[in-house]
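If you want the building blocks of each chain, they are given just below.
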Amino acid sequence: MKTREQYARCLVLAGGGFRFAYYLGVHAAAEDSGRRPDLLLGTCGGAIAAAVIAGLPDAPSRLDWIASTPMHRFLRAIQPAANAGLPGVLAGAARRWLNRTAAPHVPDLFHDYLFELPAALPLPQASLPDAPALAIVGGRLLFGPEDVGARRGARTLYEQVVFGPDRVAALLAGRAAPAADPRWSGGAIASRLQLDSVMPLDDAVRISVADMFYFRSHACAGRHYTGGVIDLFPIELAQQLAREVIMERKMPFNRVLALPALRAVLGIDGAARLGHVDAQNADAWVDTRDVGQALRAHGIGKRIDWQASRIGLTVPESHDAYVAQVRMQWEYGYRKGMAALTKAQQ
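So, here is what we can say about the structure in this document.

### Quick notes on the overall build of the protein chain
Here is step 1 of the chain: Helix and strand counts for the protein chain stand at twelve helices and 13 strands.
Here is step 2 of the chain: In terms of overall size, the protein chain behaves like a compact globule, its C-alpha atoms giving a radius of gyration of 19 Å where 346 residues would be expected to give roughly 20 Å.
Here is step 3 of the chain: Its C-alpha atoms put the protein chain at 50 × 50 × 35 Å along the principal axes.
Here is step 4 of the chain: Per-residue burial over the protein chain gives 56% buried out of 346 residues.
Here is step 5 of the chain: With the model as given, the accessible surface of the protein chain reaches about 14,900 Å², and the carbon-plus-sulfur share is 53%.
Here is step 6 of the chain: Distance between charge centres in the protein chain, computed from 38 positive and 32 negative side chains, equals 5 Å.

### A closer look at the nonpolar core
Here is step 1 of the chain: Membership of the largest hydrophobic core comes to 118 residues, with the highest contact counts inside it found for Ile66, Leu75, Ile78, Tyr158, Met212 and Leu266.
Here is step 2 of the chain: Ignoring anything within four residues of it in the chain, the contact list for Ile66 reads Phe20, Ala21, Leu24, Val52, Met71, Tyr322 and Val326.

### Quick look at the pairing of strand E6 (residues 158-163)
Here is step 1 of the chain: Burial within E6 is extensive, with six of its six residues counted as buried.
Here is step 2 of the chain: Burial along E6 is two-sided: Tyr158, Gln160 and Val162 and Glu159, Val161 and Phe163, pointing in opposite directions, are all buried.
Here is step 3 of the chain: The pairing of strand E5 (residues 133-141) with E6 spans six bridges and is antiparallel. Bridge pairing in E6 places Leu141 opposite Tyr158.
Here is step 4 of the chain: Bridge count between E6 and strand E7 (residues 194-196): three bridges; the pairing is parallel. The residue of E7 that forms the bridge with Phe163 is Asp196.

### Regarding the environment of Ala177
Here is step 1 of the chain: Mapped onto the fold, Ala177 is located in the loop between helix H6 (166-172) and E7.
Here is step 2 of the chain: Note: C-alpha distance between Ala177 and Ser33 (144 residues apart in sequence) is 33 Å.
Here is step 3 of the chain: When residues no more than four places from it in sequence are discounted, the contact partners of Ala177 are Gln160, Ala190, Ser191, Arg192 and Leu193.

### Points about the environment of Trp97
Here is step 1 of the chain: Among the structural elements, Trp97 can be located in helix H5 (residues 86-98).
Here is step 2 of the chain: The exposure class of Trp97 is partly exposed, given its relative accessible area of 39%.
Here is step 3 of the chain: Distance from Trp97 to Phe115, taken between C-alpha atoms, is 21 Å for residues 18 residues apart in sequence.
Here is step 4 of the chain: When near neighbours in sequence (up to four residues on either side) are disregarded, Trp97 contacts Arg255, Val256, Pro260 and Arg263.

### Let's talk about helix H9 (residues 258-266)
In an α-helix, one turn spans 3.6 residues; hence positions three or four apart end up facing the same way.
Here is step 1 of the chain: Counting buried residues in H9 gives eight out of nine residues, a clear majority hidden from the surface.
Here is step 2 of the chain: Regarding H9, the residues found buried are Leu259, Pro260, Ala261, Leu262, Arg263, Ala264, Val265 and Leu266.
Here is step 3 of the chain: Check the buried side of H9 and you find it contacts H5, E6 and helix H10 (270-278).
Here is step 4 of the chain: Remark: Gly267 follows H9 within two positions and exhibits a positive phi of approximately 70°.

### Focus: unusual backbone geometry
Here is step 1 of the chain: You will see that Cys44, though not glycine, has its phi angle at about 55°, which is positive.
Here is step 2 of the chain: Within the secondary structure, Cys44 sits in the loop between strand E2 (39-43) and helix H2 (45-55).

Here is what the cut-offs are and how they apply
- Residues numbered from 1 in each chain as written.
- Predicted model: local features only at pLDDT ≥ 70, side-chain atom pairs only at ≥ 80, totals over all residues.
- Heavy atoms only, no water.
- Helix = DSSP H or I, 4+ residues; strand = E, 2+ residues; numbered from the N terminus.
- Rg over C-alpha atoms; globule rule 2.2 N^0.38 Å.
- Buried < 20%, exposed > 50% of the residue type's maximum accessible area, 1.4 Å probe, protein only.
- Areas by Shrake-Rupley, 256 points an atom, 1.4 Å probe, with all protein chains shown as cover.
- Lys, Arg positive; Asp, Glu negative; His and termini not counted.
- Charge placed at Lys NZ, Arg CZ, Asp CG, Glu CD.
- Core = buried A, V, L, I, M, F, W, Y, C linked by side-chain atoms within 4.5 Å.
- Contact = heavy atoms within 4.5 Å.
- Pairing = 2+ DSSP bridges.

So far we have only geometry, and geometry alone does not tell us how the molecule works.
So this is what it looks like as structure tokens:
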């Protein structure tokens, strides 16, 4: 029988990009503060951190997993896509910046992306009896490759999906999709939230990671999916799922690249969405608005390979350098998490 009893505490892991190791530090701070979450709600890179937390028994083993040689090899194996030449990438960004229409055309999420992901994510496969439950956010495509380039008009292109256990599905049944709210949505996203309790965890995480323009949409069971960026700040879902919410206060979207991309592909006004989230109530706000500056030298970033006319990633070549980078991310997250939880208890 499906239960509708709320979880005690939800930690929202909202993105993080390639710096997702800092979420392990936030979670460790919650444990050390006596506020261990029994639900993790993950989007994008945060979904990887959520799966690692749920699959391993303690903070040291989780950090070791993220800092492991297989994870380093996985990140080093992310390569520029063959069709993502620099002139085309820059021209596409310019077109999106100039066109202020919400999702005017059906986007090519099958071929227009920057990086190729390796076949398998290195995630732990253990099933621990006291592990937190996982809810993962993604987007389901309502179009196929044959529709790419057509004018959208009033067509709905996406469904917001939450992947999670039956208890999560019961708590969210019949809910509207936060991503489709007309205060920030231009109508490209279906109004009803979709729920999936059978998607394998590996696929759910891979779906959430597959953000547009970064990675190809993920195909599974005859359907195509895009990333958790469809609802990067799912505070309404967290409030419905748990009595207590630990949420991240994120830095603003990049106005030149990120906001036009959200508008062009998903039809979302990212600034309006983030402003609404920041005005909501959470039991603890983890302030990571300085993450770009604080971890500038300690995170995987993008670089331009002028010789190859491609955009690549700056993943450390040596494993030792990678481990040092991950540890800096973890310490940043722990420090920010402890500050937020201490403030919330005052």
